[in-house]
Amino acid sequence: MPSPFPGMDPYLEHPDLWPGLHHRLIVRIADLLSPQLRPKYFVSVEVRMYEEKDAKSLLVGLPDVSVLSKKSQTNKSNSTESQVTATATSTKPITVTLPIPITIRQGYLEIQEVATKEVVTTIEILSPSNKRSGKGREMYLEKREKILDSLTNFIEIDLLRRGQRMPILDHENKNHYQILVSREKQRPRADLYAFNIQNKIPEFPLPLRPEDTEPIIDLQALLNNIYDVGSYDLKIDYTQKPVPELLENDATWADTWLRQEGIR
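Residues numbered from 1 in each chain as written. Predicted model: local features only at pLDDT ≥ 70, side-chain atom pairs only at ≥ 80, totals over all residues. Heavy atoms only, no water.

Caption draft 1: View of the environment of G136. By the element assignment, G136 lies in helix α3 (residues 135-148). Between the C-alpha atoms of G136 and E51, which are 85 residues apart in sequence, the distance is 8.5 Å. If we skip the residues at most four places from it in the chain, G136 touches Y50, E52, S129 and N130. (Helix = DSSP H or I, 4+ residues; strand = E, 2+ residues; numbered from the N terminus. Contact = heavy atoms within 4.5 Å.)

So this is what it looks like as structure tokens:
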């Protein structure tokens with residue numbers, strides 16, 4: 001069963017669902033490309049690791065972390081002018097959350113040439129930590145700059161509405177989602193595919209060496225398959241609002257669409 005939405009399903013952005021979807025999508029893209037790129041190239045699934053210590057970031061997407069409200073109890077005692085009675089104070093502990101470092105693992109793809117072992121193309125799918133202040137964004141921006149200053153082609157997939165966009169000059173993108181395809185030979189120019197929840201996810205090419213035919217990545221078909229295999233229809237309650245919530249106009253459209261699909 002595919003997602004009820006025509007393109008990206010905004011309910012898949014929920015912090016409980018996104019990490020698993022991110023992993024599945026990385027693997028599915030690798031499985032799609034690997035047989036098409038043989039024998040000149042191979043696809044490598046790589047993992048970037050770092051420790052997140054920011055307390056605010058630790059609570060994002062961790063449903064098992066809770067902070068209990070502060071409660072205290074003080075015993076009062078009576079006193080007279082002739083006698084002073086010691087006040088016994090009973091203090092119960094409160095539950096707090098400590099900023100314990102959490103190891104974050106983010107997957108990405110590298111297309112490498114068999115003969116030279118050179119990385120020809122890097123494919124990144126953004127995570128929430130890449131789009132908010134903190135070490136995750138700092139490390140990603142540093143890597144992004146190195147790639148854009150190298151001979152490596154670059155694809156950046158952003159399927160998250162929340163957070164700060166990656167830097168692009170001379171363009172203010174107000175769309176929900178975007179896919180950036182940057183060919184080394186064309187920099188600083190790049191192709192930007194921008195779209196909303198109302199749109200089907202556009203297909204885009206995988207840049208390789210100039211003499212090679214570029215495979216086409218149908219991200220919509222991959223997500224539909226993941227949604228079906230992962231039984232996301234059983235995990236999502238479409239009678240509730242998505243997280244993050246949609247703006248008013250988009251929420252109205254989504255409500256109408258889901259009613260037409262018989263889900264609400």
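Caption draft 2: Fine view of the nonpolar core. In this structure, I29, I157, L159 and L219 are the most contacted members of the largest nonpolar core, which totals 45 residues. Looking at this core, the elements with two or more residues in it are α1 (18-37), β1 (41-52), β2 (102-113), β3 (119-125), β4 (153-158), β5 (177-182), α4 (219-229) and α6 (248-260). Counting residues per element, this core draws most heavily on α1, at eight residues. Excluding residues within four positions of it along the chain, I157 makes contact with I29, I123, E124, I125, L126, Q178, I179, F204 and L219. (Core = buried A, V, L, I, M, F, W, Y, C linked by side-chain atoms within 4.5 Å. Buried < 20%, exposed > 50% of the residue type's maximum accessible area, 1.4 Å probe, protein only.)

Caption draft 3: Representation of the packing of aromatic side chains within the structure. Evaluated as defined, the whole model comprises seven aromatic pairs. Summarising the aromatic geometry, the rings of F5 and Y238 are spaced 6.3 Å apart at their centres and angled 50 degrees between planes, so their arrangement reads as tilted. Taken together, the residues F5 in the segment before α1 and Y238 in the loop between α5 (232-235) and α6 connect sequence positions 233 residues apart. Per residue, the accessibility class of F5 equals that of Y238, and both read buried. Judged by centre distance (5.4 Å) and plane angle (25 degrees), the rings of W253 and W257 are stacked. Of the two residues, W253 and W257 are both situated in helix α6; the distance of four residues between them amounts to about one turn of the helix. Just above the ring of Y108 sits the side chain of K143; from NZ or CZ to the centre is 3.2 Å. Sitting above the plane of the Y232 ring, K235 keeps its charged end 4.5 Å from the centroid. (Phe/Tyr/Trp six-rings, centres within 6.5 Å; stacked < 30°, edge-to-face > 60°. Lys NZ or Arg CZ within 6 Å of the ring centre and 35° of its normal.)

Caption draft 4: Focus on the side chain of R187. With respect to the helices and strands, R187 occurs in the loop between β5 and β6 (191-195). Lacking a salt bridge, the buried R187 has E184 as its closest oppositely charged neighbour, with an N-O distance of 5.7 Å. Of the polar contacts made by the side chain of R187, one reaches the backbone oxygen of S150; its length is 3.1 Å. Those residues in contact with R187 that lie beyond four places of it in its chain are I147, L148, S150, T152, N153, F154 and S182. (Lys, Arg positive; Asp, Glu negative; His and termini not counted. Salt bridge = Lys/Arg side-chain N within 4 Å of Asp/Glu carboxyl O. Polar contact = N/O pair within 3.5 Å; in protein donor to acceptor, adjacent residues only side chain to side chain.)

Caption draft 5: Region of interest: a nonpolar patch on the surface. Taken together, the side chains of I94, V96, L98 and I100 present a nonpolar region at the surface, about 390 Å² in accessible area. Topologically, V96 is positioned in the loop between α2 (55-58) and β2. (Patch = residues over 30% accessible without salt bridge, like charges linked within 9 Å, V, L, I, M, F, W, Y side chains within 5 Å. Areas by Shrake-Rupley, 256 points an atom, 1.4 Å probe, with all protein chains shown as cover.)

Caption draft 6: The arrangement of the environment of M49 in detail. Position of M49 relative to the elements: it lies in strand β1. Here M49 falls in the partly exposed class, since its relative accessible area comes to 47%. Note: C-alpha distance between M49 and G136 (87 residues apart in sequence) is 9.3 Å. The contacts of M49, once residues within four sequence positions are left out, are T103, I104, R105 and M139.

Caption draft 7: The arrangement of the environment of K241 in detail. Position of K241 among the secondary structure elements: in the loop between α5 and α6. K241 sits 10 residues away from A251 along the chain, and the two C-alpha atoms are 8.4 Å apart.

Caption draft 8: Structural context of the sheet that holds β2. Here six strands make up an open sheet; going across it, the order is β1-β2-β3-β4-β5-β6 and the pairing mixed. Of all strands in the sheet, those bounded by a partner on one side alone are β1 and β6. Neighbour to neighbour, the strand axes of the sheet diverge by 15 degrees on average, direction disregarded. Where β1 meets β2, 12 bridges bridge the pair, whose relative direction is antiparallel. In the sheet register, M49 faces β2, and the bridge partner there is R105. (Pairing = 2+ DSSP bridges. Axes fitted to C-alpha atoms, helices over the stretch in contact; angles between N-to-C directions.)

Caption draft 9: Looking closely at the pattern of salt bridges. Counting across every chain of the model gives 16 salt bridges. We note a salt bridge from E124 to R48, for which the minimum N-O separation is 3.0 Å. Taken together, the residues span a long stretch of sequence, with E124 in strand β3 and R48 in strand β1 at a distance of 76 residues. For R209, the salt bridge identified is with E113, shortest N-O distance 2.9 Å. Taken as a pair, R209 in the loop between β7 (204-205) and β8 (216-217) and E113 in strand β2 lie far apart in primary sequence, 96 residues in all.

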